[in-house]
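# Remarks on the overall topology
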Amino acid sequence: GESVGLHLPTLSVQEGDNSIINCAYSNSASDYFIWYKQESGKGPQFIIDIRSNMDKRQGQRVTVLLNKTVKHLSLQIAATQPGDSAVYFCAARTGANNLFFGTGTRLTVIP
Amino acid sequence: SAVISQKPSRDICQRGTSLTIQCQVDSQVTMMFWYRQQPGQSLTLIATANQGSEATYESGFVIDKFPISRPNLTFSTLTVSNMSPEDSSIYLCSVGGTYNEQFFGPGTRLTVL
């Protein structure tokens, strides 16, 4: 199986600053990782993914970094906006299609 | 990504009754999944809904409690049977994407009294 954890349950940042959300996983066989954003009352929204053969991937204002040596990944959000306020989940896949989700970090953006 | 809808969006049910949740996708997908998200917590996979065969359940979830149907490649249902207050959760369906990602529906918020 897989155990996925997040380093901080809550994170507050000033609008315009960069946010970094961290995640640790336990199974070195995990080969695929996804970050999701969940706003209140909604389902999780896919943000960005990364495969284990990569250590960095960039999207629009977001970057995911993967360190397989220490089994750690992070989500960086540039120029954080009030609309970024949500709970962020990392998820890891090991082998089959099943995803194991972390406990979530609540990001609050302070205007 | 596919557009996923769920019905009902929320419901309040009495203990001992059953509720069937529907998940509809706007395109054919091979993989569909059902998750539970208890209040303030993360997502736990209940089962993989297989088209044309029985669902594959995760440890801790059984077919008698959570029967699943998958009659075609765009639709699935999850029934929560003989409900108790502990079943109060958000139930989410997801579909597999082209590259192993999963996309989620809006969820069904269930409260059992």
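Everything numeric in this text was worked out from a predicted model, so none of it was measured.

Contacts between chain B and chain A engage 20 residues on the former and 19 residues on the latter. A buried area of about 1500 Å², summed over both sides, lies between chain B and chain A, and 50% of it is on carbon and sulfur atoms. Across the contact surface, chain B and chain A share zero salt bridges. Our count for the chain B to chain A interface comes out at five residue pairs in polar contact (both at pLDDT 80 or more).

This part takes up the side chain of B:Gln6. All names here are of chain B. Inspection of the secondary structure puts Gln6 in strand 1 (residues 4–7). One polar contact links the side chain of Gln6 to the main-chain amide nitrogen of Cys93, over a distance of 3.1 Å. Only 3.1 Å separates the side chain of Gln6 from the backbone nitrogen of Gly107, close enough to count as a polar contact. Look past the residues within four positions of Gln6 in its chain and what remains in contact with it is Ile21, Gln22, Trp34, Tyr91, Leu92, Cys93, Gly105, Pro106, Gly107 and Thr108.

A separate point is the layout of surface pockets. In this model, the largest pocket occupies a volume close to 420 Å³. Forming the boundary of the largest pocket are 22 residues, of which A:Gln38, A:Val87, A:Arg106, B:Gln37 and B:Gly40 lie nearest the centre. Going through the elements one at a time, strand 9 (86–93) and strand 11 (105–110) of chain A together with strand 9 (89–96) and strand 11 (108–112) of chain B are the ones with two or more residues in the lining of the largest pocket. Its residues assigned to classes, the lining of the largest pocket shows six nonpolar, twelve polar and four charged.

All names here are of chain B. Read across the sheet, four strands follow the order 1-3-8-7 without closing on themselves; strand pairing throughout is antiparallel. In this open sheet, the two edge strands, each paired with only one partner strand, are strand 1 and strand 7 (68–72). Neighbour-to-neighbour, the strand axes of the sheet open up by a mean angle of 15°, direction not taken into account. When strand 1 meets strand 3 (residues 19–25), the two strands line up antiparallel, connected through four bridges. Bridge pairing in strand 3 links Lys7 to Gln22.

Rules behind the numbers
Counting restarts for each chain: residues are numbered from 1 in the order of the written sequence. By the order in which they are written, chains take letters starting at A while ligands take numbers starting at 1. The predicted nature of this model means local features are confined to residues of pLDDT at least 70 and side-chain atom pairs, given and counted, to a pLDDT of 80 or more, with totals for whole chains, interfaces and linings taken over all residues. Side-chain numbers here rest on the full set of heavy atoms in the structure, without hydrogens or water. Contacts between residues were defined by any pair of non-hydrogen atoms, one from each residue, lying within 4.5 Å. Note: buried area is the sum, over both parts, of the accessible area (probe 1.4 Å) each one loses when the two are combined. The term salt bridge refers to a pairing of a side-chain nitrogen on Lys or Arg with a carboxyl oxygen on Asp or Glu at a separation within 4 Å. Think of a polar contact as two N or O atoms within 3.5 Å of one another; within protein, one of them needs to be a possible hydrogen donor and the other a possible acceptor, and neighboring residues in sequence only count if both atoms come from side chains. Only DSSP runs of H or I reaching four residues or more are called helices, and only runs of E reaching two or more are called strands; each is numbered from the N terminus. The pocket and cavity definitions rest on a 1 Å grid over protein atoms only: a 1.4 Å probe that fits but cannot leave marks a cavity, an open set with protein on both sides within 12 Å along at least five of seven lines marks a pocket, and residues lining either have an atom within 4 Å of a point. Grid points are joined across faces, edges and corners, and a volume is the space filled by probe spheres set on the points. Three classes are used: nonpolar for Ala, Val, Leu, Ile, Met, Phe, Trp, Tyr, Cys and Pro, charged for Asp, Glu, Lys and Arg, and polar for all others, with Gly counted as polar. DSSP-based pairing: two strands are paired if at least 2 bridges between them are found. Note on geometry: axes are lines fitted to C-alpha atoms, helical ones only across the stretch in contact, with angles between N-to-C directions running from 0 to 180 degrees.

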